[in-house]
Amino acid sequence: MSREYKNFIAGEWVDAASGERVENRNPADRDDLIGTFPKSGEAEVNAAVAAAREAYKKWRLVPAPIRGEILKKVGDIMTAHKEDIARVMTREMGKVLKETRGDTQEGIDTAYYAASETRRLFSHTTPSELPNKMNISFRMPIGVAGIITPWNFPMAIPTWKIFPALACGNTVVFKPASDTPATATTLVEILAEAGVPEGVVNIVHGSGSKVGTPLVAHPGVNVISFTGSSEAGKQIYSLAGSKLKRVSLELGGKNAVIVMPDADLDLALEGVLWGAFGTTGQRCTATSRLILHEAVHDKFVAMLVERANRLKVGNGLDESVEMGPCVNQGQLNVVEEYVQIGKGEGAQLVAGGSRLTGGAYDKGTFHQATIFTGVKPGMRLEQEEIFGPVLSVIKVQSFDEAVTVLNDTAYGLSSSIYTRDVNLAFKAVRDIECGITYVNGPTIGAEAHMPFGGMKETGNGHREGGWQVYEFFSETKTVYVDFSGKLQKAQIDTEQV
Ligand code: NAD
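What counts and what doesn't
Each residue is numbered by its place in its chain's sequence as written, counting from 1. The predicted nature of this model means local features are confined to residues of pLDDT at least 70 and side-chain atom pairs, given and counted, to a pLDDT of 80 or more, with totals for whole chains, interfaces and linings taken over all residues. Side-chain numbers come from the whole structure's heavy atoms, not from hydrogens or water. Working definition of a nonpolar core: buried Ala, Val, Leu, Ile, Met, Phe, Trp, Tyr and Cys residues. They are joined through side-chain atoms within 4.5 Å. Buried means the residue's accessible area, taken with a 1.4 Å probe over protein chains only, is under 20% of the maximum for its type, while exposed means over 50%, and partly exposed covers the values in between. A pair of strands is treated as paired once DSSP finds two or more bridges between them. Runs of E in the DSSP output that reach at least two residues are strands. Runs of H or I that reach at least four are helices, and both are numbered from the N terminus. Simply put, an axis is a line fit to the C-alpha atoms, just over the touching stretch for a helix, and the angle between two N-to-C directions goes from 0 to 180 degrees. Any two residues whose heavy atoms approach within 4.5 Å at even a single point are treated as in contact. Nearness of a residue to a molecule or strand requires only that one of the residue's heavy atoms be within 4 Å of it. Under this definition, polar contacts are N or O atom pairs within 3.5 Å; protein pairs additionally need one hydrogen-donor-capable and one acceptor-capable atom, and for neighbouring residues in sequence, both atoms have to be side-chain atoms. Using the Shrake-Rupley algorithm and a 1.4 Å probe, accessible areas are obtained, with residue cover drawn only from the displayed protein chains. Here the term cavity refers to a set of points on a 1 Å grid, laid over the protein atoms alone, in which a 1.4 Å probe fits but cannot get out; the term pocket refers to an open set having protein on both sides within 12 Å along at least five of seven lines, with lining residues being those that place an atom within 4 Å of a point. Any molecule with more than half of its atoms within 2 Å of a cavity's or pocket's grid points is counted as sitting in it. Put simply, Ala, Val, Leu, Ile, Met, Phe, Trp, Tyr, Cys and Pro go in the nonpolar bin, Asp, Glu, Lys and Arg in the charged bin, and everything else, Gly too, in the polar bin. Start and end positions for the domains come from either an automated domain assignment or a database one. Here a helix's expected span is defined as the number of its residues, less one, multiplied by 1.5 Å. Criterion for a salt bridge: a side-chain nitrogen of Lys or Arg within 4 Å of a carboxyl oxygen of Asp or Glu. Values labelled buried area give the accessible surface lost by two parts on being combined, using a 1.4 Å probe and summing over both. Under this scheme an angle from 65 to 115 degrees is roughly perpendicular, one under 35 degrees roughly parallel, and one over 145 degrees roughly antiparallel; angles in between are oblique. Put simply, a crossing is left-handed when the front helix is turned counterclockwise from the back one by less than a right angle, and right-handed when it is turned clockwise.

Asker: Looking at this model, I keep getting lost on the nonpolar core. Mind explaining?
Answerer: General note: in soluble globular proteins, nonpolar side chains tend to be found buried as a group. Membership of the largest hydrophobic core comes to 49 residues, with the highest contact counts inside it found for I162 and F163. Ranked by size, the runner-up nonpolar core spans 31 residues in total, among them V259, L269, L273 and A369.

Right, dumping it as structure tokens:
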């Protein structure tokens, strides 16, 4: 069943002025048309920002716990529709139902967490250096937030940004990824149903260049939160930087798992398979590199290849399927390109390596779970983000070498070590240059109430999730109240006290 979707601006569902529409098709079955979406541009961005600015005048004054009540209702509605949301998400971006249910649950958790944060939003009260004077600081909203998101977590990532932005009293213009406009629309429908006033949340569908860039450039947008590729992130950062806007960037990764000889290999096997091939490897935290100690290398590779070859690849709506398609033809092409690069660099292909064809596979963009061994530090296969089901195995001789290899990329998002040695585990936690480190767990699996984000070229130092994102979406106001009834000069009159 296909629908004609619209933008949501100032509380109305409206078409784009161009009248042009873009199709959204299922990557597992291109005969399945989910809907068509407006091809918007600068005019729609301007209208949405104007609506958000107008709505900000009232929304910023709504007591935070009342804003929280609405977010709690959002969580309740999402819970009631969890299965429907998951099914549409699987249809539009391909990952299996188990994972799209998890993606939706992350949005639900984020809604309830945001609702609870509206009763905290803590700041500091400190002693003054002068008598009869009080020093207070508290959080203020910033204004209009421009939210730009990728397709791989089409519900969770927008909620990580939109809910805290709203909780802090900002209004929102949301530009979702072109591959996942239906899930994004559902989220906005739910926000409206829960009672978010008109103009407080607006959605504009369209491309990065036609909608994303004007949104970043718009003088009425005060803060930008972006998740996506490092390439787009750099463009956004320089454009927003030229206008001195606050920007949060969550970008690419080249995440690795270290497996030490003392590890529980069966446990590590489950973690590596889930990390590398869950979401068809299309997670920012996906396990892209496996750093194996030489003492367990051959045994673990044999275990891994045997399991990878048995992974059932297909349409994610089938509950027995373990890995869905690549999100689109472009992403499949990138995966194929990296398989050729890996072969050219001299790595050994030990599992997969090809797109899947024949029968139902011909209607989608499917690729085998793929493993290379003999990968050396510095190879492109080892350094560049692929965003597909390709795992590179690097053999090392020691823990120190493993950590050096793990750290030696431009990115620093997620990491993991499998070991039973508590000393090595804590050394890894200390020495790995990543925003996230798992001990005896896969590189994926963020929880809504913990900070999420990466070091180095994975971002610009901000964190999503947890309490930290509330700092990003608010300004600090410092207030001095002098109740001495006379002029007291800081730094000058202190000596007379
Ligand atoms: P992308 O950068 O192509 O697009 C992300 C969003 O930005 C889309 O909505 C797109 O339309 C928009 N966009 C693209 N160029 C833009 C520009 N110049 N100005 C404004 N907007 C622009 O990324 P994608 O293919 O959708 O997602 C995959 C990438 O996202 C991977 O690199 C992955 O690592 C990254 N990602 C990172 C995290 C994280 O938290 N670190 C999470 C998920 C995905």
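Asker: It is not clear to me how the sheet that holds strand β14 (residues 287-293) should be interpreted in this structure. Could you clarify?
Answerer: In sheet architecture, strand pairing relies on hydrogen bonds along the backbone and comes in two forms, parallel and antiparallel. The sheet built from seven strands is open, its strands ordered β15-β16-β17-β14-β13-β19-β20 with mixed pairing. On the outer flanks of this sheet lie β15 (348-351) and β20 (436-439), each paired with one strand and no other. Across the sheet, the mean angle separating the axes of adjacent strands is 25° when strand polarity is ignored. Sheet analysis places strand β13 (residues 255-259) next to strand β19 (residues 414-418), joined by four bridges and oriented parallel. From the neighbouring strand, I258 faces β19, where its bridge partner is I417. Sitting on the sheet, helix α9 (residues 265-277) is in contact with β13, β14, β16 (370-373), β17 (390-396) and β19, with an inclination near 140° to β17.

Asker: I would appreciate a short explanation of the site of the ligand in the present structure.
Answerer: Looking at the ligand, there are 27 residues lining it, with T149, S229, L251, C284 and E385 nearest. One nitrogen or oxygen atom from the side chain of W151 is found 3.0 Å from an oxygen atom belonging to the ligand. Measuring from a nitrogen atom of the ligand, one finds a side-chain N or O atom of Q235 at 2.8 Å. Its free accessible area being 850 Å², the ligand has 87% of it covered by the protein chains. Assessed atom by atom at 2 Å from the grid points, the ligand resides in the largest pocket. Across the shell around the ligand, the residue classes tally to 14 nonpolar, 10 polar and three charged. Two domains each provide a minimum of three residues to the shell around the ligand, namely domain 1 (3-251 + 459-478) and domain 2 (255-439).

Asker: Explain the sheet that holds strand β4 (residues 21-26) to me, please; I cannot follow it from the model alone.
Answerer: The three strands are arranged β1-β5-β4 in an open sheet whose pairing can be described as mixed. Bordering the open sheet on either side are β1 (3-4) and β4, each of which pairs with just one other strand. Bridging between β1 and strand β5 (residues 29-38) involves two bridges; their strand directions are parallel. The residue bridging E4 from the neighbouring strand is T36, located in β5. Here helix α6 (residues 181-194) sits on the sheet in contact with β1, β4 and β5, set at roughly 50° to β5.

Asker: I'm lost on the environment of V422 in this one. Help?
Answerer: Along the chain, V422 falls in helix α14 (residues 422-431). With 17 residues separating them along the chain, V422 and V439 place their C-alpha atoms 9.7 Å apart.

Asker: Can you walk me through helix α11 (residues 329-344) in this structure?
Answerer: The periodicity of an α-helix, 3.6 residues per turn, causes residues three or four places apart in sequence to face the same way. For α11, with 16 residues, the first-to-last C-alpha span of 23 Å sits near the 22 Å given by 1.5 Å per residue. All buried positions along α11 are accounted for by Q331, L332, V335, Y338, V339, I341 and G342. Each element contacted by the buried residues of α11 is listed here: β16, α12 (380-383) and β17. Among the residues of α11, the N-terminal cap falls to N328, whose side-chain oxygen and the backbone nitrogen of G330 are separated by 3.2 Å. Just beyond α11, the residue with positive phi is G346, at close to 95°.

Asker: Can you walk me through the pattern of salt bridges in this structure?
Answerer: Side chains that differ in charge, positive against negative, can pair when their charged atoms come close. Inspection of the entire model under this criterion finds 27 salt bridges. Between R25 and E23 there is a salt bridge, with the nearest N and O atoms lying 2.8 Å from each other. The shortest N-O distance in the salt bridge between K489 and D493 comes to 3.9 Å. For D493, a relative accessible area of 13% translates into the label buried. Where salt bridges share partners, they join E83, R87, R101 and E319 into one cluster.

Asker: Can you walk me through the domain arrangement of the protein in this structure?
Answerer: How large an interface is tends to be reported as the accessible area lost when its parts come together. What the domain assignment lists for the protein is domain 1 (3-251 + 459-478) and domain 2 (255-439). The gap between the C-alpha centroids of domain 1 and domain 2 is 31 Å. Facing the 23 residues of domain 1 at the interface are 28 residues of domain 2. For the domain 1 and domain 2 pair, buried surface summed over both sides reaches about 2,100 Å², with 53% attributable to carbon and sulfur atoms. Taken together, the connections running from domain 1 to domain 2 amount to three salt bridges. Residue K363 pairs with D31 through a salt bridge whose shortest N-O separation is 2.6 Å. Counting across the domain 1 and domain 2 interface gives 10 residue pairs in polar contact (both at pLDDT 80 or more). Of all elements in the fold, only β5, α3 (82-93) and α4 (97-117) reach the threshold of two or more residues within the side of domain 1 that touches domain 2. No other element matches α3, which puts four residues into the side of domain 1 that touches domain 2.

Asker: Honestly, the packing of helix α2 (residues 64-80) against α6 in this entry has me stumped. Any pointers?
Answerer: Look at α2 against α6: their axes get within 9 Å of each other, and the N-to-C directions meet at 125°. Classified by the angle between their axes, α2 and α6 sit oblique to one another. Between α2 and α6 lies a crossing of right-handed hand. Here I70, K73, V74, I77 and M78 of α2 come into contact with α6, specifically with I190, L191, E193 and A194. Residues of the contact of α2 with α6, tallied by class, amount to seven nonpolar, no polar and two charged.

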